[in-house]
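What follows is each chain in one-letter form.
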Amino acid sequence: MTTADVSAGRPRQWQRFSLPERIMRSAFYFVVVLAVIWSLRTIEIIPEFLYDAPQQTVDLFVRMWPIDWGWYPKVVHAALLETLHTATLGTILAVALAAPVALMVARNITRSIILNSVGRFILVATRSVHAMVWALFFVALFGPGALAGMLAIAVHSIGFTGKFLAEAIEEAKPGPIEALTAAGASPLAILIKGYWPQVKPAFLAIATFRWDINVRESAVLGLVGGGGLGMALDTALNNLYWDQVGLVLVVIFGIVIVAEIATAWIRSRII
Amino acid sequence: MSVSATATQPPAPGARKRERSLVINKLRKEYRAGQPVLRDVSLEIANLGLTAIIGPSGTGKSTLIRCINRLVEPTAGEILFRGQDIVRLSGPELRAMRRHIGMIFQEYNLVERLSVIENVLCGRLGYVPVWRAWLRRFPPADVERAFQLLDAVGLADFANQRADQLSGGQRQRVGIARALMQEPDLVLADEPTSSLDPKTSVEIMELIARRAAERNIPAIVNMHNVELARRFAERIVGMSKGSIVFDGPPDALKDTHLIEIYGGEGWLE
């Protein structure tokens, strides 16, 4: 057929998508445009507020300046340490809670679809609720403070940590496991000497990465009573002491950058 | 233990030798029901020295050898070793049996992020309590033996290097040391030289044959290479399509047998 086309001098045609595919793609773009218009109408932008937004922004910065550095030793330093402790303890607890769930989810360790699904449900359930919401929950249970913040961080991190840990376990090479099995090693010995050395780099990378995220999250948990820098920010905002708000924001910015640099350095040393 | 096994076996010269004989009776393996990979294979390894199993890829050599230590679950049949039917064992009993059977793999299967000496010590995992392995507190006698084995395979200077820094031949030497660390009564090797160059292959086969002879235990080695099999084996078992089609000393293996095992004849010059 093609040879006949060529000999007849008709150019051969090529199209990336068939006609039904092109109709589907056009319809998809149309739906996207509709969705954007619908969303804009729903959020009800009030033009008057939009017009003076630049002045308001400048005004805020002017009120923050000069930053009240004197407030740092009095309140913010202790709040900063509390934030770091919340993030660190929360991450350690999260890893401890996530490890058994990850073992339950990994299909090469737990050969039961029911247990895999139960583990997966725990991971999705903990992750889908935001740390702020967990914090509200634990503040209601234990009262405001760093304990509630730490537990919120820990529980919310189970999903992330457990999911990536389970994936790392599933990616472990089966060969060494087979060799240890053939040597008569017990399941626990295989876990410690076969899986752990293979999973360890991923484990440390996941834990430090999560700690980095948790420093950021725990810095604002105080807004809902979770202790740390957020608490100081809340106080300053309520008192309309903008120079103190500025100080807290600068400190949060600084600690996030330090955490970023620290984890990047640790990861480069492991891998 | 089994009447049929002792009946088919000539009276053994000593209890020690009898303990090391392996009897496989009507072993069948079907990965998919109705499609047997092993068709009721019966084989007796009462001899010391090296037994080579040759045959084309996909003929069930690997399945046969993996059924012996139950890395693959047999569908039917029995495997008698050390007075027990391996097919019937489970849990701690199966682990206790496995530690008497050393295994060497084509891809070495070392734990790459562990040091060479620790890989060798992994051969003791069937014996030592878990906490000792976890804390790296292996009994001093085991550590001494691991060093001796590294000396014996020529890797004494590599003890503290990570396994992933070694070449293929060196890794296989570690694999052999790990298998011997079990103080096995039988050594299984699944294509131990298929990933190695010809010179290293000969060295590795020499090492397996020599160490098995020193320990006075049989070795069963799967291999593709007929020349290597002739050179090192005292007995050759030829398999084709899940059955044994040749069983005899290397001298008895003629071209007609090879044609039966591998099919065709153009490759025989």
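Remember, it's a predicted structure, so these values are computed and weren't measured experimentally.

Peer 1: Is there a simple way to think about the overall build of chain A in this case?
Peer 2: Along its length, chain A carries 12 helices and 0 strands. Mapped in sequence order, the helices and strands of chain A form the string α-α-α-α-α-α-α-α-α-α-α-α. For chain A, the C-alpha radius of gyration of 27 Å lies well beyond 18 Å, the compact-globule estimate for 271 residues. With the principal axes as the frame, chain A shows a C-alpha extent of 85 × 65 × 35 Å. Put simply, chain A has 271 residues, and 40% of those count as buried. In the structure as shown, chain A presents an accessible area of about 16100 Å², 72% of it carried by carbon and sulfur atoms. Distance from the positive charge centre (20 side chains) to the negative charge centre (17 side chains) of chain A: 14 Å.

Peer 1: What is the right way to look at the interface of chain B and chain A in this model?
Peer 2: Many descriptions give the size of an interface as the accessible area lost when the pieces come together. Contacts between chain B and chain A engage 26 residues on the former and 20 residues on the latter. Both faces combined, the contact of chain B with chain A buries some 1900 Å², and carbon together with sulfur accounts for 66% of it. Looking only at chain B, the three residues that lose the most surface to chain A are Arg 113, Leu 125 and Val 130 of chain B, adding up to 28% of its buried area. Scanning the region where chain B abuts chain A turns up 3 salt bridges. Scanning the region where chain B abuts chain A turns up 6 residue pairs in polar contact (both at pLDDT 80 or more). Looking at the side of chain B that touches chain A, the elements that each hand over two or more residues are helix H4 (91-98), strand E6 (101-104) and helix H6 (130-134) of chain B. Considering each element in turn, the side of chain B that touches chain A owes the most residues, 3 residues, to H6 of chain B. A per-class count over the side of chain B that touches chain A returns 12 nonpolar, 5 polar and 9 charged.

Peer 1: Is there a simple way to think about the sheet that holds strand E5 (residues 84-85) of chain B in this case?
Peer 2: Either a parallel or an antiparallel arrangement is found when strands of a sheet pair, and the pairing is made through backbone hydrogen bonds. Residues and elements named next belong to chain B. With respect to topology, 4 strands assemble into an open sheet ordered E2-E1-E4-E5, the strand pairing being antiparallel. Sheet topology places strand E2 (35-45) and E5 at the edges, where each strand pairs with a single neighbour. By the bridge criterion, 7 bridges tie strand E1 (residues 22-32) to E2 in an arrangement that is antiparallel. Within the sheet, the bridge partner assigned to Glu 30 lies in E2 and is Pro 36. Together, E1, E2 and strand E4 (76-81) form the strand contacts of helix H3 (residues 61-68), whose direction differs from that of E1 by roughly 120 degrees.

Peer 1: How should the sheet that holds strand E10 (residues 243-248) of chain B be read in this particular structure?
Peer 2: All names here are of chain B. In space, the 6 strands of this open sheet follow the order E6-E7-E8-E3-E9-E10, with mixed pairing throughout. Of all strands in the sheet, those with a lone pairing partner are E6 and E10, marking the two edges. The sheet shows a mean angle of 20 degrees between the axes of neighbouring strands, taken without regard to direction. Bridge analysis of strand E3 (residues 49-54) against strand E9 (residues 235-240) gives 4 bridges, and the strand direction is parallel. Paired with Ala 52 across the bridge in E9 is Ile 236.

Peer 1: I'm lost on unusual backbone geometry in this one. Help?
Peer 2: It is generally the case that most residues other than glycine have a negative phi and that most peptide bonds are trans. Omega for the peptide link from Trp 65 of chain A to Pro 66 of chain A comes to -10 degrees, which places this bond in the cis form. Structurally, Pro 66 of chain A can be placed in the loop between helix H4 (53-64) and helix H5 (71-105). Even without glycine at this site, Arg 70 of chain B takes up a positive phi of about 65 degrees. Mapped onto the elements, Arg 70 of chain B comes out in the loop between H3 and E4. A positive phi is found at Lys 241 of chain B, a non-glycine position, where the angle reads about 50 degrees.

Peer 1: Just checking my understanding: could you explain empty space enclosed by the protein for this structure?
Peer 2: Empty pockets left among the atoms are what a rolling probe the size of a water molecule brings to light. Throughout the structure, instances matching the rule amount to 2 cavities of 30 Å³ or more. Along the walls of the largest cavity sit Ile 104, Ile 176, Leu 180, Val 187, Leu 207, Ile 208, Arg 211 and Ala 212 of chain B, which together make up its complete lining. Broken down by element, the lining of the largest cavity gets its largest block of residues, 4 residues, from helix H9 (residues 198-215) of chain B. Residues of the lining of the largest cavity, tallied by class, amount to 7 nonpolar, no polar and 1 charged. Space inside the second largest cavity adds up to approximately 30 Å³. Lining the second largest cavity, in full, are Ala 179, Ala 182 and Ala 183 of chain A together with Met 103, Phe 105, Arg 178 and Gln 182 of chain B.

Peer 1: Whenever I open this one, helix H2 (residues 19-42) of chain A confuses me. Can you help?
Peer 2: Because each turn of an α-helix spans 3.6 residues, side chains separated by three or four positions end up pointing in the same direction. For H2 of chain A, spanning 24 residues, the distance from its first C-alpha to its last is 35 Å, which sits close to the expected 34 Å at 1.5 Å a residue. Just downstream of H2 of chain A, Glu 44 of chain A is the residue with a positive phi angle, here 45 degrees.

Peer 1: Help me understand the packing of aromatic side chains in this model?
Peer 2: How two aromatic rings sit relative to each other is given by the distance of their centres and the angle of their planes. Residues and elements named next belong to chain A. All chains considered together, the criterion is met by 8 aromatic pairs over all chains. Arranged with centres 5.2 Å apart and planes meeting at 70 degrees, the rings of Trp 196 and Phe 203 form a pair that is edge-to-face. On the basis of relative accessibility, which here comes to 19%, the residue Phe 203 falls in the buried class. Taken together through their ring pairs, the aromatic side chains of Trp 134, Phe 137, Phe 138 and Phe 142 make up a single cluster.

Peer 1: In this structure, what is going on with the pattern of salt bridges? I would like to understand it.
Peer 2: The final tally for this structure, using the stated rule, is 25 salt bridges over all chains. We note a salt bridge from Arg 171 of chain B to Glu 112 of chain B, for which the minimum N-O separation is 2.9 Å. Here the residue Arg 171 of chain B occupies a position in helix H8 (residues 168-181), and Glu 112 of chain B occupies one in the loop between E6 and helix H5 (116-121), the gap between them amounting to 59 residues. Taking relative accessible area as the criterion, Glu 112 of chain B reaches 29% and is therefore assigned partly exposed. Between Glu 118 of chain B and Arg 136 of chain B there is a salt bridge, with its nearest N and O atoms 2.9 Å apart. In this pair, Glu 118 of chain B is assigned in helix H5 and Arg 136 of chain B in the loop between H6 and helix H7 (140-152), connecting sequence segments 18 residues apart. By relative accessible area, which is 7% here, Glu 118 of chain B ends up buried. Since its relative accessible area comes to 53%, Arg 136 of chain B is described here as exposed. In the salt-bridge network here, residues are joined through shared partners; they are Lys 173 of chain A together with Glu 112 and Arg 171 of chain B.

Thresholds, definitions, all that
- Residues numbered from 1 in each chain as written.
- Chains lettered and ligands numbered in written order.
- Predicted model: local features only at pLDDT ≥ 70, side-chain atom pairs only at ≥ 80, totals over all residues.
- Heavy atoms only, no water.
- Helix = DSSP H or I, 4+ residues; strand = E, 2+ residues; numbered from the N terminus.
- Rg over C-alpha atoms; globule rule 2.2 N^0.38 Å.
- Buried < 20%, exposed > 50% of the residue type's maximum accessible area, 1.4 Å probe, protein only.
- Areas by Shrake-Rupley, 256 points an atom, 1.4 Å probe, with all protein chains shown as cover.
- Lys, Arg positive; Asp, Glu negative; His and termini not counted.
- Charge placed at Lys NZ, Arg CZ, Asp CG, Glu CD.
- Contact = heavy atoms within 4.5 Å.
- Buried area = accessible area lost by both parts, 1.4 Å probe.
- Salt bridge = Lys/Arg side-chain N within 4 Å of Asp/Glu carboxyl O.
- Polar contact = N/O pair within 3.5 Å; in protein donor to acceptor, adjacent residues only side chain to side chain.
- Nonpolar A, V, L, I, M, F, W, Y, C, P; charged D, E, K, R; others polar.
- Pairing = 2+ DSSP bridges.
- Axes fitted to C-alpha atoms, helices over the stretch in contact; angles between N-to-C directions.
- 1 Å grid on protein atoms, 1.4 Å probe; cavity = no way out; pocket = protein on both sides within 12 Å on 5 of 7 lines; lining within 4 Å.
- Points joined across faces, edges and corners; volume = space filled by probe spheres on them.
- Expected span 1.5 Å × (residues − 1).
- Phe/Tyr/Trp six-rings, centres within 6.5 Å; stacked < 30°, edge-to-face > 60°.

Purely spatial values, then, with no claim about function.
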